[in-house]
Structures are given as C-alpha cells and as structure tokens.
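# Results of the structural survey
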Amino acid sequence: MTHPFQSFLEELYLKYRDLKDGTVASYIPELAKADSNWFSISVVTVDGKVFEVGDLSQLFTIQSISKVFAYGMALEDRGRDTLLQKVGVEPTGDPFNSIIRLDENSKRPDNPMVNAGAIATTSLIKGQNATERINRLLEMFRNYTGRDVFVDVPVFMSERTTGHRNRAMAHLMYHFGMIDEKIDEALDLYFQQCSILVNCHDLAVMAATLANKGINPITGDRAVSVEYIRDILSVMYTCGMYNYAGRWSYDVGIPAKSGVSGGLLAVVPNQVGIAIFSPLLDTHGNSVRGIRVCEELSRHFQLHIFDLPMGCTQFLQKLSSKDSSTSV
Ligand code: GLN
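Residues numbered from 1 in each chain as written. Predicted model: local features only at pLDDT ≥ 70, side-chain atom pairs only at ≥ 80, totals over all residues. Heavy atoms only, no water.

### A few points about the nonpolar core
Put simply, the test is: Here the nonpolar core consists of buried residues drawn from Ala, Val, Leu, Ile, Met, Phe, Trp, Tyr and Cys, with membership extended through side-chain atoms lying within 4.5 Å. Here the term buried applies to any residue with accessible area under 20% of the maximum for its type, exposed to any over 50%, and partly exposed to those in between, with areas from a 1.4 Å probe on protein chains only. A run of H or I in DSSP counts as a helix once it spans at least four residues, and a run of E counts as a strand once it spans at least two, with each numbered from the N terminus.
Among the nonpolar cores identified, the biggest contains 50 residues, and Phe69, Phe141, Leu203, Leu210, Ile232 and Leu265 are the most heavily contacted of them. Within the residue set of this core, elements represented by two or more residues are α2 (66–78), α5 (130–145), α9 (200–211), α10 (229–239), β6 (263–268) and β7 (272–277). The leading source of residues in this core is α9, at nine residues. One finds Phe5, Tyr16, Val288 and Leu297 within the second-largest nonpolar core, a separate group that totals 33 residues.

### Things to note about the environment of Ile291
Under the convention used in this document: Contact definition: two residues touch when any of their heavy atoms are within 4.5 Å.
Tracing the backbone through its elements, the reader meets Ile291 in helix α12 (residues 288–301). As a C-alpha pair, Ile291 and Leu281 span 10 residues in sequence and 9.8 Å in three-dimensional space. With near-sequence residues (within four places) excluded, Ile291 lies in contact with Met241, Tyr244, Trp248, Leu264, Asp282 and Asn286.

### Description of helix α6 (residues 153–162)
Just so we agree on the cut-off: It is the directions from the helix axis to the C-beta atoms that the arc portrays.
Turning to α6, its buried residues are Val155, Phe156, Ser158 and Glu159. Buried residues of α6, seen end-on, are gathered within an arc of 165° and therefore sit on one face of the element. Those residues of α6 that are buried lie in contact with β3 (60–61), α7 (164–175) and α8 (183–194).

### Some words on the pattern of salt bridges
Heads up, the rule is: Salt bridges are counted wherever a side-chain nitrogen of Lys or Arg sits within 4 Å of a carboxyl oxygen of Asp or Glu.
For the coordinates displayed, the defined rule picks out 17 salt bridges. With a closest N to O distance of 3.6 Å, Lys107 and Asp103 form a salt bridge. You can call Lys107 partly exposed: its relative accessible area is 25%. Relative accessible area serves as the criterion here: at 48%, Asp103 is assigned to the partly exposed category. Salt-bridge contacts for Arg142 lead to Asp148; the nearest nitrogen and oxygen are separated by 3.2 Å. The structure contains a network of salt bridges with shared partners spanning Asp94, Arg101 and Asp110.

### A short note on the side chain of Thr122
The topology assignment puts Thr122 in helix α4 (residues 115–122). In this structure, Thr122 is in contact with Ala70, Ala186, Leu189, Tyr190 and Gln193, ignoring residues within four places of it in sequence.

### Comments concerning the sheet that holds strand β1 (residues 40–45)
Here is the rule we go by: Strands pair, by our definition, only if DSSP identifies at least two bridges between them. Throughout, an axis means a line fitted to C-alpha atoms (over the contacting stretch in the case of helices), and angles, computed between N-to-C directions, take values from 0 to 180 degrees.
If you walk across this open sheet you meet the five strands as β2-β1-β7-β6-β5, and the pairing is antiparallel. A strand with exactly one partner marks an edge of an open sheet, and here the two such strands are β2 (50–54) and β5 (256–258). Direction aside, neighbouring strands of the sheet carry axes that sit 10° apart on average. The sheet contact formed by β1 and β2 spans five bridges and is antiparallel. Bridging across to β2, Ile41 finds its partner in Val53.

### Quick notes on the packing of α2 against α4
The cut-off we apply is this: Between 65 and 115 degrees an angle is taken as roughly perpendicular, under 35 as roughly parallel, over 145 as roughly antiparallel, and anywhere else as oblique. Crossings are assigned a handedness: left-handed for a near helix turned anticlockwise from the far helix by less than a right angle, right-handed for a clockwise turn. Side-chain classes are defined by residue name, with Ala, Val, Leu, Ile, Met, Phe, Trp, Tyr, Cys and Pro counting as nonpolar, Asp, Glu, Lys and Arg as charged, and the others, Gly among them, as polar.
Between α2 and α4, the least distance of the axes is 9 Å, while the angle of their chain directions is 40°. Taken together, the axis directions place α2 and α4 in an arrangement best described as oblique. Along this stretch, α2 crosses α4, giving a crossing that reads as left-handed. For the pair α2 and α4, contact is made by Lys67, Ala70, Tyr71 and Ala74 and by Asn115, Ala118, Thr121 and Thr122, respectively. Residue composition of the contact of α2 with α4, by class: four nonpolar, three polar and one charged.

### Comments concerning the environment of Val235
Positionally, Val235 belongs in helix α10. Taking C-alpha positions, Val235 is 31 Å from Asn37, a pair spaced 198 residues apart along the chain.

### Let's talk about helix α1 (residues 4–17)
How we decide: Here a helix's expected span is defined as the number of its residues, less one, multiplied by 1.5 Å.
Between its first and last C-alpha atoms α1 spans 20 Å; for 14 residues at 1.5 Å apiece the expected length is 20 Å, and the two agree. Inspection of α1 places Pro4, Phe5, Gln6, Phe8, Leu9, Leu12, Tyr13 and Tyr16 among the buried residues, and these make up the whole buried set.

### A closer look at the site of the ligand
For the record, the criterion: Proximity criterion: a residue is near a molecule or strand once any of its heavy atoms comes within 4 Å of it. Identification of polar contacts relies on pairs of N or O atoms within 3.5 Å, with a donor-acceptor requirement for protein atoms, meaning one able to donate a hydrogen and the other able to accept it, and with residues adjacent in sequence counted only if both atoms are side-chain atoms. Each accessible area is a Shrake-Rupley result for a 1.4 Å probe, and residues are judged covered by the shown protein chains and nothing else. Grid points spaced at 1 Å over the protein atoms alone were grouped into cavities, where a 1.4 Å probe fits but cannot get out, and pockets, open sets with protein on both sides within 12 Å along at least five of seven lines, with lining residues defined by an atom within 4 Å of a point. Just a note on the criterion: a molecule sits in a pocket or cavity if more than half of its atoms are within 2 Å of the grid points.
Every one of the 13 residues lining the ligand counts as a neighbour, but Tyr27, Gln63, Ser64, Tyr190 and Tyr242 are closest to it. Contacts to the ligand include Asn115, whose side-chain N or O atom sits 3.1 Å from an oxygen atom. Interatomic distance of 2.8 Å between a backbone N/O atom of Val260 and an oxygen atom of the ligand. Considered on its own, the ligand offers 300 Å² of accessible surface; in the complex 99% of this is hidden by protein. Mapping the ligand onto the cavity grids shows that it belongs to the second largest cavity. Looking at the shell around the ligand residue by residue, the classes come out as seven nonpolar, five polar and one charged.

### So, empty space enclosed by the protein
One simple way to see leftover space: roll a probe sized like a water molecule over the atoms. How we decide: Grid points are joined across faces, edges and corners, and a volume is the space filled by probe spheres set on the points.
All told, the structure shown has two cavities of 30 Å³ or more when counted by the stated rule. By volume, the largest cavity amounts to about 120 Å³. Forming the boundary of the largest cavity are 14 residues, of which Thr92, Ser98, Arg101, Asp110 and Val114 lie nearest the centre. Along the lines of polarity and charge, the residues of the lining of the largest cavity split into seven nonpolar, three polar and four charged.

As structure tokens, then:
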C-alpha cells in the first residue's frame, strides 16, 4: 500500500505541475537551456526513509544552495571567530547579487548566503592550491550526497565568462582587505562550487544530513561537525531566501536555501530534509513551485519552527506510524 505521505506528495506534484508562473534564469547563459516543465519533490527523514515524486534523476547545477555547505566547511577550516570577522550574519533585504552595501559601514559582506559573502566564505576554504581546494569541496559534497559529484564545465565556463558583477564584488572585497590577493582563484572556486551537478534526491539527502546533525542518514557518514549545525541553520533561516527571507520565515518557518537553477532545500531539524526542483523563478530568484510546495507542507504538517507545542517535533513520528491523514 502506498504510504499516505507519498500520496500526499503525489497530489502536491499534480496540483502544482501546471503552475507556469515565473521564468527560467538566463543571466548565466547556460542556465537558460533548462526546461521549465522540470519538477520534482523529495523528502528524506533523519532515519533514512525516502518519499519522492517527479523528475528525480534530472541533474541541475546546485548554484546558491552550495553556499550553505561551503559555509559549513569554512567554519570547520577557520572557526566561528575568523568567519565573523570576514562575513557577517545579517540579512540584507537586498537581492542576492547586490553590490551596493559592500561599500557601506564595515565593508564586510553581510552574510554568507548572498554572493559577496559567499565569495568571501569560499576564499577561506583551506588547500595548498586550487586543485586541492576544489577536491576538498567535492569530497565534502560527496559526504552530503553519498555519491560522486562533478562540476558541470559548460555552466562553470558560462558563469566564469559572464560573472562580471561577482568579479567586481571580489575586487572590492580585496580592496577592503576582506579577501586575499588570490581573487581569480576564489572566484573560480566559487563558480565551480555553484556548478556542481545534483538532482532533487541528492538535495533532500543533503538537507536530511543537516537535519540529522551532520550525519548522512543513508550512508551514516559525517559531512559536517555537529558544532556548526546551529550556525548553518541560523543563517539559512534569516538569509537563505534572500530578500524574501522575512516573508518565508513568517509563512513557512523552516531554514531553507534556494538557487537560481531552481533548487530549493529546507531543513526541519531532527526530522526531515525537503527538496524541490523547478526552474521557474520569481523576481527574488526563488523557485515558484518550490515555495508553494513548502508552504503547503509547512501548513499541513505544522512544520513552522514556531508552531509550538504541536509543531515539527511530531512529523517524523507521523511519517513512521503511517497514520497521517494526508490530503492536499
Ligand atoms: N552562481 C550564481 C551567481 O553567483 C548563484 C546565484 C544564485 O543561485 N542565487 O550569481
């Protein structure tokens, strides 16, 4: 018999499959090739159960969602104090690629989820040279996904040749002493990390790993130290959805991160990882269907972190007991 939660996801999929609002990102030329019909939803529990529907094997580049994981690695490499000196933890209320606030106040990028902060974060990843740094990053992503991951070279090159705004930010940050002189190396590493190929299932396993205090629930491998889970989830909660983060926290209330190729990942601590892939984006650069699916999941299962006392702590129990009354 089909699990009621699986049926719930299938109903959600059918409900939103025909929603065509939004546009596919095109400022990175290679991303414009995405099919606007692609759509998948995956939920992985901290005890390894998987519920999913849609184009699950469709690969796409992880884009900004990579910032979450690079931040975890930089924290492990340099510690919280160094990170806080170079990258803040304040939401900006500005678009993810805004350069304007870099020239104000502390000269420090506001948070690791916007491009400036992410480039500064990635510049702190340790390694003897560029090859060692990208290999360490790929290895870290492998621990999260449980499988080998690779860089999509055409997307990397496409962003590398057109990413002038990111390049301008990196130079400004060098000018202010926020990153070191290896500006092009930091940018290449950032463009490469954004171009790592994943599918929706991978993203849900990655989210479940964060929900599971850093241990991949499928492989049992640790991907990040438990010490930094709180830091990572905090910046996801306040900054992960860019200049929609306030509304997202209000409506959905789950730490999350989106990317311009259409991925969206959400972490219900100690319960489940949720991922949606749909390349149609709203004006903030967030997946339109992704937001709608998360709104429904949050409302129906009381996943908002302030839905107390009945809230998300009982979700896992519900999925395990097969008694969930689930209809969209
Ligand atoms: N690589 C993209 C960029 O730097 C990531 C942006 C995003 O996914 N929001 O513009």
